[in-house]
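A structural walkthrough
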Amino acid sequence: MGAADISRALTRIAHEIVERNDGAADVVLMGIPTRGLPIAHRLASRIADIEPGYDAEHACGALDITMYRDDLFKNPTRTIGTTSVPDAGIDDAVVVLVDDVFHTGRTIRAALDAIRDLGRPRAVQLAALVDRGHRELPIRADFVGKNIPTARSERVDVRLEEIDGEDAVILRKGE
């Protein structure tokens, strides 16, 4: 996927979020760092373009899941990031978790645990730029930019302008 493909996918996801939730008045986007956060900001901006009164800046937050991961014993030197919740909080809101690549489902399981500690949303939905399959947990994305079937040995790298200087999704063969 190139920059234009990513842009179209995010615009489509934004429209799907608004349509599914009968507007965006109660929608809060929580980006999972690293690349889920700029994707969440882009989605919030697109939602604001199509939904009058939606405050993109105040409806977007960051959700650090480091301490909720089930693989900390394998990688104990992870840096703890920042969680920021919009001023209105997440109670009774529709929280859309945003990530770049949806794979085994373990990141999202950790995110659900983190959300539970922040409040009680009315609903939690999942938006992912890429779904590469190989689920290990019974979790599914509500909004997907692109399904990319992969082998377990392959890797999907998302590059974003805000972090990497370019927008691209690259499929890498296993080593």
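Being a predicted model, the structure only gives us computed values, none of them experimental. (Residues numbered from 1 in each chain as written. Predicted model: local features only at pLDDT ≥ 70, side-chain atom pairs only at ≥ 80, totals over all residues. Heavy atoms only, no water.)

1. Some thoughts on the layout of surface pockets
Space left empty within the atom packing is revealed by a probe, the size of a water molecule, rolled over the atoms. In this model, the largest pocket occupies a volume close to 930 Å³. Forming the boundary of the largest pocket are 31 residues, of which Arg69, Asp99, Asp100, Val101 and Thr107 lie nearest the centre. Elements that contribute at least two residues to the lining of the largest pocket include exactly strand 3 (94-102), helix 3 (106-118) and strand 6 (155-159). For the lining of the largest pocket, the per-class residue count stands at 9 nonpolar, 6 polar and 16 charged. Of the voids in this model, the second largest pocket is the one considered here, and its volume is about 210 Å³. Lining of the second largest pocket is provided by 17 residues; of these, Ala25, Asp26, Val27, Val28 and Ala88 occupy positions nearest its centre. Split by residue class, the lining of the second largest pocket holds 10 nonpolar, 3 polar and 4 charged. (1 Å grid on protein atoms, 1.4 Å probe; cavity = no way out; pocket = protein on both sides within 12 Å on 5 of 7 lines; lining within 4 Å. Points joined across faces, edges and corners; volume = space filled by probe spheres on them. Helix = DSSP H or I, 4+ residues; strand = E, 2+ residues; numbered from the N terminus. Nonpolar A, V, L, I, M, F, W, Y, C, P; charged D, E, K, R; others polar.)

2. A short note on the packing of aromatic side chains
The tally for this structure, following the rule as stated, stands at 0 aromatic pairs. Arg135 extends its terminal NZ or CZ atom over the ring of Phe102, reaching a point 3.7 Å from the ring centre. (Phe/Tyr/Trp six-rings, centres within 6.5 Å; stacked < 30°, edge-to-face > 60°. Lys NZ or Arg CZ within 6 Å of the ring centre and 35° of its normal.)

3. Considerations on the side chain of Asp99
One can find Asp99 in strand 3. One buried charged side chain, Asp99, makes no salt bridge at all; its nearest oppositely charged neighbour is Arg69, positioned 7.4 Å away. Those residues within four positions of Asp99 in sequence are excluded, and the remaining contacts are Ile32, Gly36, Ile39, Thr107, Ile108, Ala127, Ala128 and Leu129. (Buried < 20%, exposed > 50% of the residue type's maximum accessible area, 1.4 Å probe, protein only. Lys, Arg positive; Asp, Glu negative; His and termini not counted. Salt bridge = Lys/Arg side-chain N within 4 Å of Asp/Glu carboxyl O. Contact = heavy atoms within 4.5 Å.)

4. Describing the packing of helix 1 (residues 3-20) against helix 2 (residues 36-50)
For any two helices packed against each other, one specifies the inter-axial angle together with the distance between the axes. Two elements in contact, helix 1 and helix 2, have axes whose closest approach is 9 Å; the angle formed by their N-to-C orientations is 60 degrees. In this view, helix 1 runs oblique relative to helix 2, as classed from their interaxial angle. Remark: the crossing between helix 1 and helix 2 carries right-handed chirality. Within the contact between the two elements, helix 1 uses Ile6, Ser7, Leu10, Thr11, Ile13, Ala14, His15, Ile17 and Val18 and helix 2 uses Ile39, Arg42, Leu43, Arg46, Ile47 and Ile50. For the contact of helix 1 with helix 2, the residue count by class is 10 nonpolar, 3 polar and 2 charged. (Axes fitted to C-alpha atoms, helices over the stretch in contact; angles between N-to-C directions. Parallel < 35°, antiparallel > 145°, perpendicular 65-115°, else oblique. Left-handed = near helix turned anticlockwise from the far one by under 90°.)

5. Section: the pairing of strand 3
With 9 of 9 residues buried, strand 3 lies mostly within the body of the structure. Relative to strand 3, strand 1 (residues 27-31) runs parallel, the two sharing 5 bridges. Among the inter-strand pairings, Val28 is bridged to a residue of strand 3, identified as Val95. In this sheet, strand 4 (residues 123-131) lies alongside strand 3 in parallel orientation, the contact comprising 8 bridges. If you follow Val95 over to strand 4, its bridge partner there is Val124. Handedness of the crossover joining strand 3 and strand 4 through helix 3: right-handed. (Pairing = 2+ DSSP bridges. Right-handed = clockwise from strand over helix to strand, strands pointing away.)

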